[in-house]
Structures are given as C-alpha cells and as structure tokens.
Amino acid sequence: GAKHAGKNRHNLFDPASDKAAHERGRALADVERALRNQEFELFFQPKVNMRTGKVLGAEALIRWRHPQRGLLLPQEFLPVAENSDLIVEIGDWVLRSVLDHLEEWRRNGLTIKIGINIAPRHLLREDFTRRLAAHLNDHPDLPASCLELEILETAALADIGRVYQVMRECQKMGVTFALDDFGTGYSSLTYLKALPAEVLKIDQSFIRDILRDPEDLAIVEGIINLSGSFRRQVVAEGVESVEQGLQLLKLRCEQAQGFCIARPIPAARLADWIANWQPNPQWLDLGNGLTS
Ligand code: C2E
Ligand code: MG
Ligand code: MG
Ligand code: MG
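The text that follows walks through the structure, step by step, so that each part is easy to find. No experiment lies behind these values; they were computed from the predicted model shown.

1. Some details on the site of ligand 1
Alright, step 1. Neighbouring ligand 1 are 21 residues, the closest being R63, N117, D180, E240 and F259.
Alright, step 2. With respect to ligand 1, the side chain of D180 contributes an N or O atom lying 2.8 Å from an oxygen atom.
Alright, step 3. Out of a free accessible area of 810 Å², ligand 1 has 82% covered by protein chains.
Alright, step 4. The set of elements that each furnish at least two residues to the shell around ligand 1 consists of β2 (55-66) and β6 (176-182).
Alright, step 5. In terms of residues, the shell around ligand 1 owes the most to one element, β2, which gives four residues.
Alright, step 6. Looking at side-chain class alone, the shell around ligand 1 contains nine nonpolar, five polar and seven charged residues.

This is the structure:
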C-alpha cells in the first residue's frame, strides 16, 4: 500500500544507496565467479602446545588468488558473501577441500586435526549436519574427530537453542567445536555456559597488549581460569612474541597460535613445516618448571 511505498521510497530512489547496492551486487558476482573458477585456496596456521613443543593441529584460512589483485585476505571478500547463500557454498567448498587435504596428508603419513571457520549462516542451515555427514562419508578413511568447527557467538545470537542442537548432532558424529574470538561478543559467558564447545580461543585483541595492559592481562587470566572451571581447553590466538608466550604459560595457557610460531602456510608446505619445527627453548624451559 501507500504506507509501504512511502517507507521504501528512500531506499529505492536514493542514487547513493542505489550505487552502493549495485557495487555490492557486482562484488558478490565476482566472488561467485572466483568460486566457479577455483580461485580460492586454503592456507593453514599451526596450533602448538608451548609447554611440550608438540604440534596439535592447524586452522584452515581461506585466501583468494585473484588473477589481477594477487592474494586476497578473507576480510576483503567474505563480508559481501556472508549475507548471501554464497557463504554456504564457500563453506561447503572449504569443508570438502580440508577433507581432501587431510586425505592426502594421511596417505603421506601425517594425521592432524584441522580447525575450520564456519559462518553463522552456514551453521544455521537446516541441512548443515546432514551435509557435513555426507562430506565425511565421501572420505571414509578420515575420522570425524579430525575436524574442529570454529564458531562465532554471532551464530548463537539468532537462536542459541538451535546452535546447541547442531553442536550436539555434530559431536555425536565425533566432530569437536571451538568458540572463536572468545570474549569479544556481547554474551560470551552466556554462550560459555550454554554451548558445549570443547575449546575456547581467546581473541587476539586481548593478547596483543598482554605485557603492557594490566586490564587485558586480567581478562586473559579470567578466561583461562574460566576455561579450567568449565573443563574446556583454551587456546591463545595472535601470539606474536616469545614473551607473550611466556606470560601465557605462567597463566597456565599452553596452547597457542600466532605469527611467532607460524604465519598461515600454503597447504603444500604444511607437512614440511611440521617436520622441521623447532619448539622455542625458553617456552620448553619454563614449561619444565611448571606442573601441568
Ligand atoms: P579467525 O578465525 O579468528 O582467524 C585468525 C586470524 O588472525 C587469521 O586472519 C590469521 O591469519 C590471523 N593471525 C594469526 N596469528 C596472528 C598474529 O600473531 N597476529 C595477527 N595480527 N594476526 C594473526 P585471516 O586469515 O585474515 O582471517 C580472518 C578471519 O576471516 C578469521 O578470523 C575468520 O573469522 C575468517 N575466515 C578465515 N577463513 C575462513 C573460512 O574458510 N570460512 C569462514 N567462514 N571464515 C573464514
Ligand atoms: Mg578461527
Ligand atoms: Mg579468532
Ligand atoms: Mg576473527
């Protein structure tokens, strides 16, 4: 009716928002084309235990090898896809590719657990569990426990009961979960209590200034202590210096990812990196003096 026409007029005929919508449409079409042309690649960032020096796994991180613009980071192309079903197709591609890589590594004697970032829209799809099960069926030699799904609190904003249900279905198959960017959402503690994730990943924004900012240190210490009370594992993201790692070890956080351990690595080089990794001697020394 007239009321609706009035409300929408601004959006429909404002040339600025029209132009923005047009550009979004074009960007979305570009990402869709990239998927069809197989221009996406996965890089893998190792996760280690700083106390024992063991490699625990790696996280898959998507990249777009753009024919003109070079290697693009997710922030440059995922946001436009996140409000569309294209993110579901991309997520499906990531799942399949990770399983393909895992199969290849396994043939070469490497068994490893891989973390996969799952967009909220993907996780909340009615057929998410069924499709994940189908992908695992296509790779019968791989146990479901080789996958750890990293989810964001924003997935649960819509319907925490639904997220709980999906998690339980996946966990029955053997897949595990991590709460990514933990501590940055509006209701981290609600989600910690309500969702059965095995792992908390402390957001890198709290790690960055951990040596200078007593408030960040207090937050990190709080998350580590909570993880213990809730019997969850805890991982520090964005560890960039040996000193940050030492501080985390003193707080009894042993698992870490970050540039001072490894930057994200092309799939073809991950096995070599693992074979050649030298644990940091200062971390091992401090770790030897700590009872775990
Ligand atoms: P995330 O899952 O929290 O991943 C960690 C991000 O921090 C990665 O950025 C990684 O390269 C970066 N990082 C790791 N260590 C350090 C460090 O020591 N210092 C700093 N400054 N950064 C570090 P990346 O690869 O650009 O990914 C950004 C975000 O994009 C990810 O955050 C994740 O939310 C999303 N993402 C990446 N790959 C995928 C994917 O396959 N699917 C979906 N849905 N999202 C993805
Ligand atoms: Mg992640
Ligand atoms: Mg994160
Ligand atoms: Mg993040």
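2. Considerations on the packing of aromatic side chains
Alright, step 1. If you walk through the whole model with that rule in mind, you get six aromatic pairs.
Alright, step 2. Pairing F40 with F77 gives two aromatic rings, centres 5.4 Å apart and planes at 20 degrees, and the pair type is stacked. In this pair, F40 sits in strand β1 (residues 40-49) while F77 sits in the loop between β3 (70-72) and α3 (78-82), placing the two residues 37 residues apart along the sequence. For the pair F40 and F77, a shared accessibility class is recorded, and that class is buried.
Alright, step 3. Geometrically, the ring pair formed by F44 and W105 is edge-to-face, given 5.0 Å between the ring centres and 80 degrees between the ring planes. In this pair, F44 is assigned in strand β1 and W105 in helix α4 (residues 86-107), connecting sequence segments 61 residues apart.
Alright, step 4. Taking relative accessible area as the criterion, F44 reaches 0% and is therefore assigned buried.
Alright, step 5. Take W105: its relative accessible area is 6%, and that puts it in the buried class.
Alright, step 6. An aromatic cluster is defined as three or more aromatic residues linked by ring pairs; in this entry it consists of F40, W64, F77 and W93.

3. With respect to the packing of α4 against helix α6 (residues 128-137)
Alright, step 1. Close contact between α4 and α6 brings their axes to 10 Å; oriented N to C, the two are set at 25 degrees. Between α4 and α6, the crossing angle belongs to the class labelled roughly parallel. Remark: the crossing between α4 and α6 carries right-handed chirality. Of the residues in α6, those touching α4 at D92, L95, R96 and L99 are R131, L132, H135 and L136.
Alright, step 2. Taken together, the residues of the contact of α4 with α6 break down into four nonpolar, one polar and three charged.

The rules we used
Residues numbered from 1 in each chain as written. Chains lettered and ligands numbered in written order. Predicted model: local features only at pLDDT ≥ 70, side-chain atom pairs only at ≥ 80, totals over all residues. Heavy atoms only, no water. Near = heavy atom within 4 Å. Polar contact = N/O pair within 3.5 Å; in protein donor to acceptor, adjacent residues only side chain to side chain. Areas by Shrake-Rupley, 256 points an atom, 1.4 Å probe, with all protein chains shown as cover. Helix = DSSP H or I, 4+ residues; strand = E, 2+ residues; numbered from the N terminus. Nonpolar A, V, L, I, M, F, W, Y, C, P; charged D, E, K, R; others polar. Phe/Tyr/Trp six-rings, centres within 6.5 Å; stacked < 30°, edge-to-face > 60°. Buried < 20%, exposed > 50% of the residue type's maximum accessible area, 1.4 Å probe, protein only. Axes fitted to C-alpha atoms, helices over the stretch in contact; angles between N-to-C directions. Parallel < 35°, antiparallel > 145°, perpendicular 65-115°, else oblique. Left-handed = near helix turned anticlockwise from the far one by under 90°. Contact = heavy atoms within 4.5 Å.

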